[in-house]
Amino acid sequence: RGGVGAWVSWSVRAAAWNVLVLRVGDKLPFRAGSTRVDTVMRAFKPDDEDVPLLHALGEGVADDSRATRTWVTRATACLVAGLLVAAGVVGASSPSARASLGLEQVLTPAERVVGDPVVTGVELVPPEEKEEKEPKPFTAMEGMFAYEGWTQSLFEETQDDRPLLQQLPKYGASVDWSQIMAALNSGIGKSGRRKLFLFIRHGKATHNEWGKLQHHAHDGEDIPCDFKTPGDLVDPDLTDLGRSDTLKYVRDVFRDGLGAAIHKKAKVFSSPLARCMETTLRMLTNQTGLRVARDKVTVSELLRERIDARVPFELRRPVSFVPASVIAAEAAAEAAKNGAAALSGQGGARGPGGMCWEPSKGLTGHEGRCCVHDGLLEKFGDYGVFEINVATPSFLNVEVSVQDADLDYEDRPKDDETGEPIAHHVKQYKYVGASCGLTEVANRGWQECSGPEMLGLLAEDDLALGSKEESEYALVERVRTWFSSVYDNVEENVVIAVTHSDWIKLALRELDIEKPWVVPKNGEIFPIIIEDTRTSVPGWIEKREARERRVKSATDIGGVVDLTPGDGLGAHENVMDLLKISDEAAKQAAAPAAAAE
């Protein structure tokens, strides 16, 4: 842009000089077509005062044709000069050209709101040009925050040195926070519900530092487990810089003003990966500007980064794990204290035995020590901050009974080939936990995967995950499912979620904030008002009512839910097949522990 600005500057000067020359020439006593002289203009010599600015060279008689050519030449020169002047004026009026010319920069209203030239720029699409899209279950309220005016070119040029959103005036808002909070309860749409979400990307972690030093892309199988210390890329912690920046740019921001702006109360969620849980802990350390609703942070499986069981830093540690050596040492210490013989396994073994836990079979063959030495409860449980509840996938979370089916008399088959009433052989299933597991969400979708259990952990560990990277579609469905569960089960109007960059990017896209080039920085806070518009999705109300009837029916008959669709028994066989698969998976997972024992 500097080169273009210089060109525009010299174009303006050259055009002005051309006009000056033509105007001076027009005032001379001899004219084009004069019988006395044909005027030829020459550059003047500023050092010689005796030499006139313009002088005649030679004499002669010009005929009519020559006069005409001279007139055309002058007219053409005037036209060219006029175009140059117009181009210069238009070019010089742009912000970049004005800056290169040393002129005062004229900002648009949106740029003045942002208040920082690093992130200025506006993308406006007239309403009539926007495409008609399918109704979405959740939509963003526009016109509230500075990032809505970011443009791709300026964002990409300044990504490395741009300020965090919360460092901008009004913590990145484009209106007063009193207006933002008022908007939660006014001017709402058909659903009648809005919430303010503050998405926070975790602080800088070990794998972020490792990634900065890489000069080529890695395949999932090619990523080591070690960086500076053995296993430090497996569910990595924050770096020292990540810890200090989280205190400065997250904790202090809430304590010094943002907490008051959101009325000092919020429901807080965290991804179960260590870097997010540590960021959450730092955010709440000596926090006086924010009160956590219900005094607990809910650890939510659906907030995880895009999952790939081959990548060390995308896997989470198990809910609980204590190495066999630690259990033995604790048992020996307890025995010595009580003067009794050491008892094998005293203290309760949690997780398979061994020295450490390898989160995924997909790490087999990776370079380094691909394991962790403790679980979530051991690493974070003592702080008393986190709510770590586990609901296993639905096909592992049903109870099979061989009791009489609750059928009307006329609908009961009378007997089978044994002569016994067939009702005694009808299996029924009891809903006791999450309606979907982590890998089921993509297939069943947010309309089926609901319930308070969806906000917690959906498995004890990652051992059942496949070896492929989670698709973008699957992650988007996780985002929708999390939103749906929050609206169904969280009363608070302000929700804080500590999560990951891909999760935030796809959430913005799902909410029609079309800025795919936006990459949240470590420790950045992205605020957004989201409206629940599920009622606009065709068929959702009917599905919700059907599910409510089924849950109510389960309550009425003591928790037994018949999953049979229509008149067939296919769902029973499907569930039984899944139970067999899960049993086999459980046996395989327990095999190493049994062998060690």
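Presented here is a report on the structure given in the accompanying data block. (Residues numbered from 1 in each chain as written. Predicted model: local features only at pLDDT ≥ 70, side-chain atom pairs only at ≥ 80, totals over all residues. Heavy atoms only, no water.)

**Quick look at the pattern of salt bridges**
A full pass over the atoms with the stated rule returns 32 salt bridges. For R255, the salt bridge is made with D252, and the minimal N-O distance between the two is 3.1 Å. Of this pair, R255 and D252 both sit in helix α8 (residues 240–261), 3 residues apart, roughly one helical turn. With relative accessibility at 33%, the residue R255 sits in the partly exposed group. Among the ionic pairs, D308 bridges to R310, the shortest N-O distance being 2.7 Å. Under the relative-accessibility criterion, R310 is labelled buried at 17%. Among the ionic contacts, a cluster of salt bridges with common partners joins K136, E477, R480, E510 and D512. (Salt bridge = Lys/Arg side-chain N within 4 Å of Asp/Glu carboxyl O. Helix = DSSP H or I, 4+ residues; strand = E, 2+ residues; numbered from the N terminus. Buried < 20%, exposed > 50% of the residue type's maximum accessible area, 1.4 Å probe, protein only.)

**Thoughts on the state of the cysteines**
Tallying each qualifying case throughout the model produces 3 disulfides. Sulfur-sulfur distance for the disulfide between C225 and C370 comes to 1.9 Å. Given an S-S torsion of about 95°, the disulfide between C225 and C370 has right-handed geometry. Of this pair, C225 sits in the loop between α7 (206–212) and α8 while C370 is found in the loop between α10 (324–338) and α11 (376–380), placing the two residues 145 residues apart along the sequence. Disulfide pairing places C356 opposite C371 at an S-S distance of 2.1 Å. Linking C356 and C371, the disulfide has an S-S dihedral of approximately -80° and is accordingly described as left-handed. One end of the pair, C356, is in the loop between α10 and α11; the other, C371, is in the loop between α10 and α11, with 15 residues separating them in the sequence. A residue is classified by how much of its surface remains accessible, and C371, at 8% relative accessible area, is buried. Along the protein, the cysteines that take part in disulfide bonds pair up as 1-3, 2-4, 5-6, counted in sequence order. (Disulfide = S-S within 2.5 Å.)

**Regarding the environment of G539**
On the secondary structure map, G539 appears in the loop between β10 (525–532) and α15 (540–556). Residue G539 is classed as partly exposed on the basis of its relative accessible area, which comes to 32%. Considered as a pair, G539 and Q447 are 92 residues apart in the sequence and their alpha carbons are 9.6 Å apart.

**What to know about the packing of helix α13 (residues 472–489) against helix α14 (residues 501–510)**
Where α13 contacts α14, the two axes come as close as 10 Å, and the packing angle between them is 75°. One element, α13, and the other, α14, form an angle in the roughly perpendicular class. Contacts between α13 and α14 pair E472, L475, V476, R478, V479, R480, W482 and F483 from the former with D502, W503, L506, A507, R509 and E510 from the latter. Of the residues contributing to the contact of α13 with α14, the split by class is 8 nonpolar, no polar and 6 charged. (Axes fitted to C-alpha atoms, helices over the stretch in contact; angles between N-to-C directions. Parallel < 35°, antiparallel > 145°, perpendicular 65-115°, else oblique. Contact = heavy atoms within 4.5 Å. Nonpolar A, V, L, I, M, F, W, Y, C, P; charged D, E, K, R; others polar.)

**Brief notes about the side chain of E531**
Structurally, E531 can be placed in strand β10. E531 sits in the buried class, given a relative accessible area of 11%.

**Some remarks on the packing of aromatic side chains**
Tallied over the full model, the rule gives 23 aromatic pairs. The interplanar angle of 55° and the centroid separation of 6.0 Å between the aromatic rings of F145 and W177 together place this pair among those described as tilted. Taken together, the residues F145 in the loop between β1 (138–140) and α5 (152–158) and W177 in helix α6 (residues 177–183) connect sequence positions 32 residues apart. Neither residue differs from the other here; F145 and W177 are each classed as buried. Through pairs of rings, three or more aromatic residues link up here, namely F138, F197, F199, F269, W446, W482, F483, Y487, W503 and W540. (Phe/Tyr/Trp six-rings, centres within 6.5 Å; stacked < 30°, edge-to-face > 60°.)

**Here's the deal with helix α9 (residues 274–284)**
In terms of burial, α9 is largely enclosed, as 10 of its 11 residues are buried. For α9, the complete set of buried residues consists of A274, R275, C276, M277, E278, T279, T280, L281, M283 and L284.

**Focus on the packing of α8 against α9**
Between two packed helices, both the angle of their axes relative to each other and the distance between the axes serve to describe the pair. Contact pair α8 / α9: the axes reach a minimum separation of 8 Å and the direction vectors enclose 50°. Classified by the angle their axes make, α8 and α9 are oblique. The handedness of the crossing between α8 and α9 comes out as right-handed. On the side of α8, the interface is formed by R243, T246, L247, V250, R251 and F254, while α9 contributes E278, T279, R282 and M283. Of the residues belonging to the contact of α8 with α9, the class tally is 4 nonpolar, 2 polar and 4 charged. (Left-handed = near helix turned anticlockwise from the far one by under 90°.)

**Considering unusual backbone geometry**
Phi at Y171 is positive, roughly 55°, even though this residue is not glycine. Examined against the element boundaries, Y171 turns out to sit in the loop between α5 and α6. Residue classification places Y171 among the partly exposed residues on the basis of a relative accessible area of 25%. Backbone geometry places D235, a non-glycine residue, at a positive phi of 45°. Mapped onto the secondary structure, D235 falls in the loop between α7 and α8. The class of D235 is buried, set by a relative accessible area of 1%.

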